[in-house]
Amino acid sequence: MHLLNADLHSHSTVSDGTLDPEALAEQAARQGVELWALTDHDELDGLPRAAAAAQRLGMAWLAGVEVSVTFAGETVHVLGLGIDPTNEALQRGLAQVRGGRERRAREMAEGLARVGIRGAFEGAQGYVSNPELISRTHFARWLVDTGHCRDNADVFRRYLTSGRPGHVPHRWAGLGEAVGWIRGAGGVACIAHPARYPFNATVEYALFSEFVAHGGQAVEVLTSAHTTADAAKYADLAIEFGLAASRGSDFHAPGESRVELGALPTLSGRLEPVWQRLADRIQPAVPPPAAIGG
Ligand code: AMP
Ligand code: MN
Ligand code: MN
Ligand code: MN
């Protein structure tokens, strides 16, 4: 179970990835992924295409989503794994979360204009494939391609994080709301890339405690944003809080993402892999034989 090559975190053109769901599925299969989840930001529209592609390619699959949450004034991402994409409360919740993105993007562009970077809204829009999902990633690609920044890391450090000119504080979903939508849709809620948040130990402890109190069940231990030390730290926290552990590359684009699909270490044997809690939600690699008779 621990040796399964599971990649439960990736993005398509339905949010801020550059590959469409079919191309992403093909890339995952080429990389040897055995259990794959598409987890677009605040969007479910890629899931039917991803499910069909995974089945064609003989790869086991889980429906997923990455929900944007505001916690302690910062953005936190909560993965919903094994959700039912037809669940109406989840669909309504995500539509509400997507709602403020365009206005936020216009304010981000105003902030950038104040430091002399003009035309960022139109520029970023040129990179958007889903009109409801303009994200900081699209601004980052434009800022790099126009030579304002060296790379993505440079963009976020100088312009798009807390206190920087292109950063706009924004109210996403509440933590309890997001976990509630995911559980209501039959899924498991999982804290994404915990090492990325700018929290001190006290606020981080509050995040984990409240997450568990709301019914959250997993934490991403292995992901591209984590060092070996981060993985060890969150493995300990998983055990302390009784959480299952997840593994996902957070792949966005060839050449841009630090880690290829499926190219992560193996989960430590002392952790419970999250996919053990999702056995009945997994679309198997090989479809069951059709019922015999009529
Ligand atoms: P948004 O949902 O618009 O706030 O954009 C968040 C997205 O920006 C994340 O999903 C990542 O794709 C990207 N991102 C955030 N922080 C960083 C960072 N430090 N370096 C590279 N990409 C980042
Ligand atoms: Mn992203
Ligand atoms: Mn994320
Ligand atoms: Mn992600």
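None of these values were measured; they are calculated from a predicted model.

What follows is about the packing of aromatic side chains. Within the structure shown, the criterion is met by 5 aromatic pairs. A ring pair is formed by Tyr-197 and Phe-199, whose centres lie 6.0 Å apart and whose planes are at 40 degrees; its orientation type is tilted. Ring centres 5.5 Å apart and planes at 45 degrees place the aromatic pair Phe-208 and Phe-241 in the tilted group. Here the residue Phe-208 occupies a position in helix 9 (residues 201-213), and Phe-241 occupies one in helix 10 (residues 228-241), the gap between them amounting to 33 residues. We classify Phe-208 as buried; its relative accessible area is 0%. Members of the aromatic cluster, connected to one another through ring pairs, are Tyr-205, Phe-208, Tyr-234 and Phe-241.

If you look at the biggest cluster of nonpolar residues, it comprises 72 residues, and the most contacted ones within it are Leu-8, Trp-36, Val-67, Ile-83, Val-221 and Val-274. The dominant element in this core, judged by the number of residues it contributes, is strand 3 (residues 60-71), at 8 residues. Contact partners of Val-221, with chain neighbours within four places excluded, come to His-226, Ala-231, Tyr-234, Ala-235, Ala-245, Ser-246, Leu-267 and Leu-271. Counting residues in each nonpolar core, the second largest holds 19 residues, with Ala-109, Ala-120, Val-128 and Leu-143 among its members.

About the thresholds
Residues numbered from 1 in each chain as written. Chains lettered and ligands numbered in written order. Predicted model: local features only at pLDDT ≥ 70, side-chain atom pairs only at ≥ 80, totals over all residues. Heavy atoms only, no water. Phe/Tyr/Trp six-rings, centres within 6.5 Å; stacked < 30°, edge-to-face > 60°. Helix = DSSP H or I, 4+ residues; strand = E, 2+ residues; numbered from the N terminus. Buried < 20%, exposed > 50% of the residue type's maximum accessible area, 1.4 Å probe, protein only. Core = buried A, V, L, I, M, F, W, Y, C linked by side-chain atoms within 4.5 Å. Contact = heavy atoms within 4.5 Å.

Scope: geometric values only; no functional claims are made or implied.
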